Structures are given as C-alpha cells and as structure tokens.
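Listed below are the residues making up each chain.
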Amino acid sequence: MDIYSAVASDVNDIYDLIQTYAEQGVVLPRTHLSLYQHLQCLYVMKEDNQILGVAGLHVLGQDLAEVRSLVVAPNHSGKGIGRQLVHHVFNEASRLGIKRLISLTYETEFFKKCGFEIIPKDTLPEKVWIDCMNCPKNACCDEVAMIRYIG
C-alpha cells in the first residue's frame, strides 16, 4: 500500500468513497467538480490500483492548512490507513512551510492519536471566513476543531 497524489482518473472512486461517509453525515459531501478543482491537494492510498483511502490538504492561509475529506474504505478501516494519510498530509504541510494543521471532525479520538488537540472554533477565523460561511452546517455545526502544530 502506497500513497500517491490523486490523478483525474481517481476522481470517480474518490467521489464514491467520500459519498459513502457523507450520506452517514460523517464528512461533508464533495462534488465531482470540487474534486477536480482540488485534485492537486488530494492524496490516495492504493493497493492493486484500488483506492483504500483519501485525504486532502487545503491551505487556508500563510501558516494554516486543513486535513479534509479523510476517509477510508469501510472494508479497510482499522488498518492504519487513516493514520498514514494524516501523516502524509502533515509532512506535505510541513514541506510547504505551514505551521498549523487543523481538522474539523467528529473523530476526536482518532485525531488525538495523530497528535491533534481540541481548540475553540473561534480561534480559526481563516477557516470560518473561507469555508464555514458557505457550509450547509454553518448555523448548526457540531464538528470539533482540532489542531496540530508543525515544527
């Protein structure tokens, strides 16, 4: 199992995998267009050309980025794939000179194991102004903000 930068031919499989969890309310849905537009920010773990997991790195500002759309194929959960993808995104953020990596999540225990800590959402104005204003959950967001400092 290796992690690769996503390519255009991965988009349909990425969409299907994200949609599986979006329908359960675990992650926000993504459109095909959004995935194509952010393709350069998506990473996939593959085995035998099958996508086992996906994670996105979304830069929000000079020193802030977010782990986005982190999902693992249901039949491969519990095998460390999510943790490896977060580690990969963390390394990419570090390479870009990012100092803070955040996640808005329901999976707080998982992210704690990956070195993140819970913070108040209002300490992330970049996230609020860039993404939250247009989010369907804006008025009733129940996700937990978490952060991991880099360097």
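Keep in mind that what you see is a predicted model, and the values were worked out from it rather than measured. (Residues numbered from 1 in each chain as written. Predicted model: local features only at pLDDT ≥ 70, side-chain atom pairs only at ≥ 80, totals over all residues. Heavy atoms only, no water.)

### Concerning the sheet that holds strand β5 (residues 100-105)
(1) Moving on: Here seven strands make up an open sheet; going across it, the order is β1-β2-β3-β4-β5-β7-β6 and the pairing mixed. Of all strands in the sheet, those bounded by a partner on one side alone are β1 (2-5) and β6 (117-118).
(2) Moving on: For β6 and strand β7 (residues 144-149), the ladder comprises two bridges, and the chain directions are antiparallel. If you follow Glu-117 over to β7, its bridge partner there is Ile-147.
(3) Moving on: Its contacts with the sheet put helix α1 (residues 11-22) on β2 (42-47), β3 (50-61) and β4 (64-72), and the angle it makes with β3 is roughly 85°. (Pairing = 2+ DSSP bridges. Helix = DSSP H or I, 4+ residues; strand = E, 2+ residues; numbered from the N terminus. Contact = heavy atoms within 4.5 Å. Axes fitted to C-alpha atoms, helices over the stretch in contact; angles between N-to-C directions.)

### Some words on the packing of aromatic side chains
(1) Moving on: Scanning all chains against the criterion turns up two aromatic pairs.
(2) Moving on: Aromatic pair Phe-110 and Phe-111: ring centres 5.1 Å apart, planes at 85°, arrangement edge-to-face.
(3) Moving on: The class for Phe-110 is partly exposed, based on a relative accessible area of 24%.
(4) Moving on: Three or more aromatic residues joined by ring pairs make a cluster, and in this case those are Phe-110, Phe-111 and Phe-116.
(5) Moving on: If you follow Arg-148 out to its NZ or CZ, it ends over the ring of Phe-90, 3.7 Å from the centre. (Phe/Tyr/Trp six-rings, centres within 6.5 Å; stacked < 30°, edge-to-face > 60°. Buried < 20%, exposed > 50% of the residue type's maximum accessible area, 1.4 Å probe, protein only. Lys NZ or Arg CZ within 6 Å of the ring centre and 35° of its normal.)

### Comments concerning the side chain of Asp-10
(1) Moving on: Summarising the element assignment, Asp-10 is placed in the loop between β1 and α1.
(2) Moving on: The exposure class assigned to Asp-10 is buried, which follows from its relative accessible area of 5%.
(3) Moving on: Among the polar contacts made by the side chain of Asp-10, one reaches the side chain of Lys-46 at a distance of 2.8 Å.
(4) Moving on: If we skip the residues at most four places from it in the chain, Asp-10 touches Val-44, Lys-46 and Ile-51. (Polar contact = N/O pair within 3.5 Å; in protein donor to acceptor, adjacent residues only side chain to side chain.)

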